[in-house]
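Spelled out, the chains give:
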Amino acid sequence: MALLGSYIDDKRKAAWNYLQSWQSTVYSMVVLGATMVVIFWASVFLYISFYFTFMPQESVTWPIHFQYRSCVEQPGLCSNPTATVGVTDPVRGTVLVGGQQYRVVVDMDMPESLTNQKIGMFLLSMDMRSQDGKAMQRSSRSTMLRYKSPLLHTISTVVFAPFLLYGWQEEKQTVTVELFTQYEENPVTPLWEIGVEVASRHVEFYGATLRIHATFTGLRYLMYYYPMVAASIGIGICMIFLSTVVIVSWYQFSEPALMIQPQGRSSVSPATTTSTSTNTKVEKVTMKQTDPPSITAPTLPGLSTTVIKTSKGKESEADRRRGSEEGKDDQGDEDSSRSSEGDSFELVAPSQLKRAARVVGRRGLEAEEGEEEDVNEEDMVVRHRVQSVST
């Protein structure tokens, strides 16, 4: 039965240890999983914040509303169509990023009319203006409708007649004019408004649109045209950085602080410590054996000798008590010196501080007691002198 009971106890202990090990393992896995989830989402947040901070807006579009002066005597235009487009945001100010290159394009919707076909080429001009209205850059480009022969125009009209009748398609062309290929924003004098002018009074068009496209290079090119690859690399770098910070913080706050040996101080060998404690003991014993200075007093019959003996008896009892306490202190000093023989650190134990405080207090009390005894002896001597004189 005893063997069976011991066997059951052993199995129970083994099962308990197994459960404890699995419990610690599961706890570590849960903590690791939660930490990795937090690090992952923190990395995603950091990458998204960096993306929207670093990447400028790829394309910005504004409508162009042309202004002109009408003729009084005959219908038509008496001035070239001009327009001013503000390229600022009410909240952020300028929408362009300093140092980034942009493409500036104007799209014009022109009907395939006989007037536009007769005009042929016309000139389109653009001014880049600062906040004070000064022109920083100017560009002019010529353009025209795409040519269609009368036969091709007739065939396309017949083929697309149903769509033209229902309004799903129109007889027009979108003419795209790129006025700036590599316009770079100046951070000192940012772009504030754009002036557009059509250098012809007879051009017919439905409307126009201004488009500004950013030309990406380097990291911005990778982040815009390959977003998944860039996101994977960026999130991975953020996770490595955050994991390093977590690991360093874990080891920094989990491990105990290491004691650092002070520089410029030589280590004390055990022999030196032993000899020092021995010399201290010898000095203390020598101080104990030395008698206090004798009190010189006038010889009085039957009294002065008694006083001196009494004081010496009190002093001897005080010396014995002090010697026993100092012996205890010496033994404690020996223990502390033995415990710190192998170390080269300067350690001051709380017990040593307490002993030093007791020794200082005891010496002060002994000094006060000695002064009181001297005063009492002087009083007794004076009284005996007075009694002897009176007798």
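The rules we used
Residues numbered from 1 in each chain as written. Predicted model: local features only at pLDDT ≥ 70, side-chain atom pairs only at ≥ 80, totals over all residues. Heavy atoms only, no water. UniProt positions renumbered as here; feature names shortened; annotations may be inferred. Helix = DSSP H or I, 4+ residues; strand = E, 2+ residues; numbered from the N terminus. Buried < 20%, exposed > 50% of the residue type's maximum accessible area, 1.4 Å probe, protein only. Contact = heavy atoms within 4.5 Å. Patch = residues over 30% accessible without salt bridge, like charges linked within 9 Å, V, L, I, M, F, W, Y side chains within 5 Å. Areas by Shrake-Rupley, 256 points an atom, 1.4 Å probe, with all protein chains shown as cover. Salt bridge = Lys/Arg side-chain N within 4 Å of Asp/Glu carboxyl O. Pairing = 2+ DSSP bridges. Phe/Tyr/Trp six-rings, centres within 6.5 Å; stacked < 30°, edge-to-face > 60°. Lys NZ or Arg CZ within 6 Å of the ring centre and 35° of its normal. pLDDT = per-residue confidence, 0-100. Axes fitted to C-alpha atoms, helices over the stretch in contact; angles between N-to-C directions. Polar contact = N/O pair within 3.5 Å; in protein donor to acceptor, adjacent residues only side chain to side chain.

The name that an unreviewed UniProt entry assigns to the protein is Seipin, with the source organism given as Petrolisthes manimaculis. As stated in UniProt under Subcellular location (unreviewed entry), the record for the protein gives "Endoplasmic reticulum membrane".

Asks: Quick question: what am I supposed to make of the overall build of the protein here?
Replies: Across its full length, the protein holds nine helices and 10 strands. Buried residues in the protein amount to 24% of all 391 residues. Taking all contacts inside the protein whose residues are at least 6 apart in sequence as the whole, residues at least 24 apart take part in 78%.

Asks: For this particular structure, what's the right way to read a nonpolar patch on the surface?
Replies: Residues Phe50, Leu219, Tyr221, Leu222, Tyr224, Tyr225, Tyr226, Val229, Ile233 and Ile237 make up a contiguous nonpolar surface patch of about 940 Å² in total accessible area. Looking at which element gives the most residues to the nonpolar patch, the answer is helix α5 (residues 219-225), with five residues. In this structure, Leu219 sits in helix α5. A relative accessible area of 44% means that Leu219 is categorised as partly exposed.

Asks: I keep staring at the pairing of strand β6 (residues 122-129) and nothing clicks. Help me out?
Replies: The side chains of a regular strand alternate, residue by residue, between the two faces of the sheet. The element β6 is extensively covered by neighbouring structure, given that six of its eight residues are classed as buried. Relative to strand β7 (residues 135-143), β6 is paired through eight bridges, and the arrangement is antiparallel. By the bridge assignment, Arg129 is partnered in β7 with Ala135. Hairpin geometry of β6 and β7 is characterised by an intervening segment of five residues between the two adjacent antiparallel strands and by a positive phi of about 90° at Gly133. Relative to strand β9 (residues 193-198), β6 runs antiparallel, the two being bridged by six bridges. In the strand pairing of β9, Arg129 is matched with Glu193.

Asks: How should the packing of aromatic side chains be read in this particular structure?
Replies: Two numbers describe a pair of aromatic rings. These are the distance of the centres and the angle of the planes. Within the structure shown, the criterion is met by 13 aromatic pairs. For the pair Tyr51 and Phe52, a centre-to-centre distance of 5.6 Å together with 85° between the ring planes defines the contact as edge-to-face. Residue classification places Phe52 among the exposed residues on the basis of a relative accessible area of 65%. Between Tyr166 and Trp168 the ring centres are 5.5 Å apart and the planes differ by 25°, which places this aromatic pair in the stacked class. Note on accessibility: Tyr166 and Trp168 belong to one class, exposed. Here the aromatic cluster, defined as three or more aromatic residues joined through ring pairs, consists of Phe216, Tyr221, Tyr224, Tyr225 and Tyr226. The positively charged end of Arg220 is found above the aromatic ring belonging to Phe54, 4.5 Å away from the centroid.

Asks: How should I be thinking about the confidence of the model for the protein in this particular structure?
Replies: Do not read the predicted coordinates in detail wherever pLDDT is low. Looking at the protein as a whole, its pLDDT mean stands at 74, while 64% of the residues score no less than 70. With pLDDT under 50 throughout, residues 257-316 is counted as low confidence; its partners more than four residues away or in other chains account for 35 contacts. Here residues 336-348 is modelled with pLDDT under 50, and outside its nearest four sequence neighbours on either side it reaches 15 contacts, counting other chains as well.

Asks: I would appreciate a short explanation of the sheet that holds β7 in the present structure.
Replies: Neighbouring strands of a sheet are bound in pairs by backbone hydrogen bonds; such pairs are parallel or else antiparallel. Strand order across the open sheet formed by four strands is β2-β9-β6-β7, with antiparallel pairing between neighbours. Two strands in the sheet have a free side with no partner beyond their single neighbour: β2 (82-86) and β7. Mean inter-strand twist for the sheet, computed between neighbouring axes without regard to direction, equals 15°.

Asks: When you look at the environment of Asn186 in this model, what are you seeing that I'm missing?
Replies: Secondary-structure assignment places Asn186 in the loop between β8 (172-184) and β9. Classification of Asn186 as partly exposed rests on a relative accessible area of 35%. Separated by 3.2 Å, the side chain of Asn186 and the backbone nitrogen of Val188 make a polar contact.

Asks: Got a minute to help me understand the pattern of salt bridges in this structure?
Replies: Side-chain pairs of opposite charge can arise whenever the charged atoms involved come near each other. For the coordinates displayed, the defined rule picks out seven salt bridges. Put simply, Asp127, Arg129, Arg138 and Glu193 are held in one network by salt bridges that share partners.

Asks: Explanation requested: the sheet that holds strand β1 (residues 59-64) in the structure shown.
Replies: The four strands are arranged β1-β10-β5-β8 in an open sheet whose pairing can be described as antiparallel. What marks the edges here is a single partner per strand, and that holds for β1 and β8. Strand-to-strand twist across the sheet, computed as the mean angle between neighbouring axes with direction ignored, equals 20°. Two strands pair when backbone bridges link them, and strand β5 (residues 101-111) and strand β10 (residues 207-215) are joined in this way by nine bridges, in the antiparallel orientation. When the bridges of β10 are listed, Val104 appears paired with Ile212.

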